[in-house]
Amino acid sequence: MMVSLGVGLRLTALDKFVLLTSCIAHDLDHPGFSNAFQTVAGTALSVRYNNRSVLESHHSATFQSLLTHADYDILAGLTTEQVRTFRDIAIELVFATDLALHKDYLARLGELDAALCAPLADAATDANADADADADADAARAAARRTLLCGLIKSADLCNEVRSFDFSQRWAPLVVEEFCMQGDVEKARGFPVGMLNDRDKAS
């Protein structure tokens, strides 16, 4: 998408950097149990994050924490303002992968003004003598790019359905087993068994 659809032309270098690193980090330290399970089981994570986007909160916090260590400081070459922007966007991108918020993000993408996502070279040549108007336009374009980034990480997160059959054939049993392992724990603890988690009904 970045290349074939020309999306990369609509993003800054910082946008691309945040997107790629957030894709790597979006499931960081995943415990193998869903948000629904975390909430029902009252896990330490669900308590810490108040039952709201529990896993995404954990992934994001773990990622941000890693960045504070000198050995993992991939932001060392950025300005203070760029670091602040990176962190803000990275947090939103990880939260965009919470399927409980899927409809909200689809609505945002549906309302996205294509004109605000013009290639950056085109946007840069759009002269406007009014400095305030320029600032407003820049803010609108930045917000549009952020929505576009959310759409990209969501597409990457859910892309298995469009991968080659050979790839899916290798991964599908592993995913099913992960779900069923949660289902086994749900049964053992008397919790409602998730729709896809019952190995006795999996086909």
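See above for the structure.
Model, not experiment: these values are computed from the prediction. (Residues numbered from 1 in each chain as written. Predicted model: local features only at pLDDT ≥ 70, side-chain atom pairs only at ≥ 80, totals over all residues. Heavy atoms only, no water.)

So, about the packing of helix 1 (residues 13–25) against helix 5 (residues 80–95). Interhelical geometry of helix 1 versus helix 5 gives an angle of 45° and a closest axis separation of 9 Å. If you check the angle between helix 1 and helix 5, you find them oblique. Crossing geometry of helix 1 relative to helix 5 is assigned as right-handed. Contact residues: Leu14, Asp15, Phe17, Val18, Leu19, Thr21 and Ser22 in helix 1; Gln82, Thr85, Phe86, Ile89, Ala90 and Leu93 in helix 5. When the residues that make up the contact of helix 1 with helix 5 are grouped by side-chain class, the tally is eight nonpolar, four polar and one charged. (Axes fitted to C-alpha atoms, helices over the stretch in contact; angles between N-to-C directions. Helix = DSSP H or I, 4+ residues; strand = E, 2+ residues; numbered from the N terminus. Parallel < 35°, antiparallel > 145°, perpendicular 65-115°, else oblique. Left-handed = near helix turned anticlockwise from the far one by under 90°. Contact = heavy atoms within 4.5 Å. Nonpolar A, V, L, I, M, F, W, Y, C, P; charged D, E, K, R; others polar.)

Residues Val18, Phe86, Leu93 and Leu149 are the most contacted members of the largest nonpolar core, which totals 23 residues. At the level of elements, helix 1, helix 5 and helix 8 (131–157) are the ones that each hand at least two residues to this core. Looking at this core element by element, the count peaks at six residues for helix 8. What Val18 contacts, discounting residues up to four positions off in sequence, is Phe86, Ile89, Ala90 and Leu93. (Core = buried A, V, L, I, M, F, W, Y, C linked by side-chain atoms within 4.5 Å. Buried < 20%, exposed > 50% of the residue type's maximum accessible area, 1.4 Å probe, protein only.)

Turning to the pattern of salt bridges, a few remarks are in order. Within the structure shown, the criterion is met by 10 salt bridges. Note that Glu81 and Arg84 form a salt bridge whose closest N and O atoms lie 2.6 Å from each other. Of the two residues, Glu81 and Arg84 both sit in helix 5, three residues apart, roughly one turn of that helix. On the basis of relative accessible area, Arg84 is assigned to the partly exposed category, the value being 43%. (Salt bridge = Lys/Arg side-chain N within 4 Å of Asp/Glu carboxyl O.)

Keep in mind that these numbers describe shape and distance, not what the molecule does.
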